[in-house]
Amino acid sequence: MNTDRKRGRIELNHEERRDISIQFRVNKAEFEYLKELVEASGLERGHYIRKEILNAEPVIKRKMPEVNQKTYIQLSGIGNNINQAVKKLNGNEYFDKNEVDKLNFNIKQVSRRIIEINKDLDYI
C-alpha cells in the first residue's frame, strides 16, 4: 500500500508551531470547574484554554498617576501621625498643647487635600 501521506503529526511551519509552554496552578475547585467547561465545549483542554484566553478582552491595570502616588504617600504619613496621637490619647499618656496643635494641623491638611482631590475629580 503506497500513499503519499506521511504518518504522524502534520508538519507545521515555524510561525504556526506552538513550542512555548505556559504552566499555571489551580486549586481543586477551579480544576473541576475548568474540567466541566472543557467537557461542555467538546474541545481539548489546551485548545479550550487558548481559545478563551486569546479571544478575551484584555484586563488592563491602570497605573496610579505619579501625582496621586505622592498624595497617597503624604496622606498615609499624616494618617500614621494621627493614629499615633490617638493611641497616646487612648492610653491616657501626657499630651501637650504642641502635639494637639500638630494633630489639628495634620487633620486640616488632610481635609484640604481631600477637597483638592475631589475638585480635580469633579466631585465638588
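From a predicted model like this one, the values you see are computed outputs, not experimental measurements.

Enquirer: Just checking my understanding: could you explain the overall build of the protein chain for this structure?
Expert: What the protein chain contains, in helices and strands, is four helices and zero strands. For the protein chain, the sequential pattern of α-helices and β-strands runs α-α-α-α. Going through the 124 residues of the protein chain one by one, you find that 10% of them count as buried. Within the protein chain, counting contacts between residues at least 6 apart in sequence, those at least 24 apart form 38% of the total.

Enquirer: Help me out: how do you make sense of the confidence of the model for the protein chain in this one?
Expert: Should the pLDDT be low somewhere, the predicted coordinates at that spot are not to be read in detail. Averaged over all residues, the pLDDT of the protein chain is 81; the fraction at 70 or higher stands at 87%. Within the protein chain, helix H3 (residues 66-90) has the poorest average pLDDT of any element, 78, and helix H1 (residues 28-41) the best, 96.

Enquirer: Sorry, what's going on with the nonpolar core here?
Expert: Considering soluble globular proteins, one finds that nonpolar side chains tend to be buried as a cluster. Counting five residues, the largest nonpolar core consists of Ile78, Ile82, Ala85, Leu103 and Val110. Residue assignment for this core shows that the elements contributing at least two residues are H3 and helix H4 (97-120). The dominant element in this core, judged by the number of residues it contributes, is H3, at three residues. Filtering out sequence-adjacent residues up to four positions away, Ile78 remains in contact with Asn106, Gln109 and Val110.

Enquirer: Honestly, the pattern of salt bridges in this entry has me stumped. Any pointers?
Expert: Side chains that carry opposite charge are capable of pairing whenever their charged atoms lie near each other. Tallied over the full model, the rule gives two salt bridges. A salt bridge links Glu32 to Lys35; the shortest N-O distance between them is 3.9 Å. Highlighted residues: Glu32 and Lys35, both in helix H1, separated by three residues, approximately one helical turn. Residue classification places Lys35 among the partly exposed residues on the basis of a relative accessible area of 35%. Notably, a salt bridge pairs Glu52 with Lys51, separated by 3.0 Å at the nearest N-O pair.

Enquirer: So what exactly am I meant to see when it comes to the packing of H1 against helix H2 (residues 45-55) here?
Expert: A pair of packed helices is characterised by two quantities: the angle between their axes and the separation of those axes. Between H1 and H2, the shortest axis-to-axis distance is 10 Å and the interhelical angle comes to 95°. It follows from the interaxial angle that H1 and H2 lie roughly perpendicular. Taken together, the residues of H2 that come into contact with H1 (itself represented by Phe31, Leu34, Leu37, Val38 and Ser41) are Arg45, Tyr48 and Ile49. Here the residues of the contact of H1 with H2 are counted per class, giving six nonpolar, one polar and one charged.

Enquirer: Can you help me understand a nonpolar patch on the surface in this one?
Expert: Together, Phe24, Val26 and Phe31 line one region of the surface with nonpolar side chains, adding up to about 260 Å² of accessible area. Note that Val26 resides in the segment before H1.

Enquirer: Just checking my understanding: could you explain the layout of surface pockets for this structure?
Expert: Once rolled over the atoms, a probe with the size of a water molecule shows which space is left empty. Here the largest pocket defines a volume of roughly 430 Å³. Lining the largest pocket are Arg18, Ile20, Ser21, Ile22, Gln23, Phe24, Arg45, Gly46, Ile49, Arg50, Ile53 and Leu54.

What counts as what
Residues numbered from 1 in each chain as written. Predicted model: local features only at pLDDT ≥ 70, side-chain atom pairs only at ≥ 80, totals over all residues. Heavy atoms only, no water. Helix = DSSP H or I, 4+ residues; strand = E, 2+ residues; numbered from the N terminus. Buried < 20%, exposed > 50% of the residue type's maximum accessible area, 1.4 Å probe, protein only. Contact = heavy atoms within 4.5 Å. pLDDT = per-residue confidence, 0-100. Core = buried A, V, L, I, M, F, W, Y, C linked by side-chain atoms within 4.5 Å. Salt bridge = Lys/Arg side-chain N within 4 Å of Asp/Glu carboxyl O. Axes fitted to C-alpha atoms, helices over the stretch in contact; angles between N-to-C directions. Parallel < 35°, antiparallel > 145°, perpendicular 65-115°, else oblique. Nonpolar A, V, L, I, M, F, W, Y, C, P; charged D, E, K, R; others polar. Patch = residues over 30% accessible without salt bridge, like charges linked within 9 Å, V, L, I, M, F, W, Y side chains within 5 Å. Areas by Shrake-Rupley, 256 points an atom, 1.4 Å probe, with all protein chains shown as cover. 1 Å grid on protein atoms, 1.4 Å probe; cavity = no way out; pocket = protein on both sides within 12 Å on 5 of 7 lines; lining within 4 Å. Points joined across faces, edges and corners; volume = space filled by probe spheres on them.

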